[in-house]
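# Fold and contact review
Listed below, chain by chain, are the residues.
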Amino acid sequence: MKIFYEKSKLYVFFIIFFIKLTIFTYISISLWSFNKNYNSIEKIPFNNFCVVLGTSKYLPGGKLNYFFKYRMDAVYYLFIKKKIEYIIVSGDNREKNYNEPKMMKKELTKMGIPPHMIYEDLYGIDTISSIERVHKIFNKKKFTIISQKFHNERAIFIGNCLGLDVIGFNAKNISISSRIYLREIFARIKVFYDILFYLY
């Protein structure tokens, strides 16, 4: 009975610790990016380069992915309002028939952005890779990140931890499912490990 009681106390401790860790990481990352995340095209400063964080154009069932659509719309409006000049489309390209950067470049070209203004990063397999590669491959320390707000918050935090001068422009959001919300919670916890791994 005593062993069971001690184990129960340990389980409760870990549950409470995990809840506190989750709240701390989620809120701290949001607060960190508060003054660096923009909703207004008029208010966001100009940056020569931007990076668009990748996602698929279509959902598994074949329907349009509105995360994708709204990110492309955000890039287009920033471009025509002369808030950005060059565009890096960064995403996953690990499978033969799946290429996020190619999908994004094709869509932006259809919208009227000249293809020579768009660079493909085929190895942005996750957020930290996309942000780090803008610095290491394209030699840029100052740039704009384009994604939805919850994603931008994490990306800005990563960029700042890597010593980069980044801001975010929030693409229009859509209702986040519980699955995506849970994924973001774990991604924010994981980001602290990722930063330590990249720095050390």
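Reference entry: report on the structure contained in this document. For clarity, every value in this text was computed on a predicted model and none was experimentally measured.

How each quantity is defined
- Residues numbered from 1 in each chain as written.
- Predicted model: local features only at pLDDT ≥ 70, side-chain atom pairs only at ≥ 80, totals over all residues.
- Heavy atoms only, no water.
- Pairing = 2+ DSSP bridges.
- Helix = DSSP H or I, 4+ residues; strand = E, 2+ residues; numbered from the N terminus.
- Contact = heavy atoms within 4.5 Å.
- Axes fitted to C-alpha atoms, helices over the stretch in contact; angles between N-to-C directions.
- Polar contact = N/O pair within 3.5 Å; in protein donor to acceptor, adjacent residues only side chain to side chain.
- Salt bridge = Lys/Arg side-chain N within 4 Å of Asp/Glu carboxyl O.
- Buried < 20%, exposed > 50% of the residue type's maximum accessible area, 1.4 Å probe, protein only.

### Side note on the sheet that holds strand E2 (residues 47–53)
Strand order in the open sheet made by the six strands is E1-E6-E5-E2-E3-E4, with parallel pairing throughout. Each edge of the sheet is formed by a strand with only one pairing partner; in this case those strands are strand E1 (37–38) and strand E4 (118–121). With seven bridges joining them, strand E5 (residues 142–148) and strand E6 (residues 165–171) adopt parallel strand pairing. Residue Ile145 lies in a different strand from E6, and its bridge partner there is Gly168. Contacts between helix H4 (residues 127–136) and the sheet are confined to E2, strand E3 (84–90), E4 and E5, with E2 contributing the most and set at about 160° to the helix.

### Topic: the side chain of Thr127
Tracing the chain through its elements places Thr127 in helix H4. Here His151 takes part through its side chain, which lies 2.8 Å from a polar atom of the side chain of Thr127.

### Thoughts on the pattern of salt bridges
With the rule as written, the count across this model stands at nine salt bridges. As a salt-bridge pair, Glu107 and Lys110 come within 3.9 Å of each other at their nearest N and O atoms. Of this pair, Glu107 and Lys110 both sit in helix H3 (residues 100–110), separated by three residues, roughly a single helical turn. Residue classification places Glu107 among the buried positions, given a relative accessible area of 18%. The partner of Glu132 in a salt bridge is Lys136, and the shortest N-O contact between them spans 3.0 Å. On the criterion of helical spacing, the pair formed by Glu132 and Lys136 is a turn pair, its members being four residues apart in helix H4. When its relative accessible area of 15% is taken as the criterion, Glu132 is described as buried. Taking relative accessible area as the criterion, Lys136 reaches 61% and is therefore assigned exposed. One connected set of salt bridges, linked through shared partners, spans Glu153, Arg154, Glu184 and Arg188.

### Considering the environment of Asn47
Looking at where Asn47 falls in the secondary structure, it is placed in strand E2. C-alpha separation for the pair Asn47 and Ile167, spaced 120 residues apart in sequence, amounts to 9.1 Å. Setting aside residues no more than four positions away along its own chain, Asn47 makes contact with Lys83, Ile84, Glu85, Lys142, Phe143, Thr144 and Ile167. Side chain to side chain, Asn47 and Thr144 meet in a polar contact 3.1 Å long.

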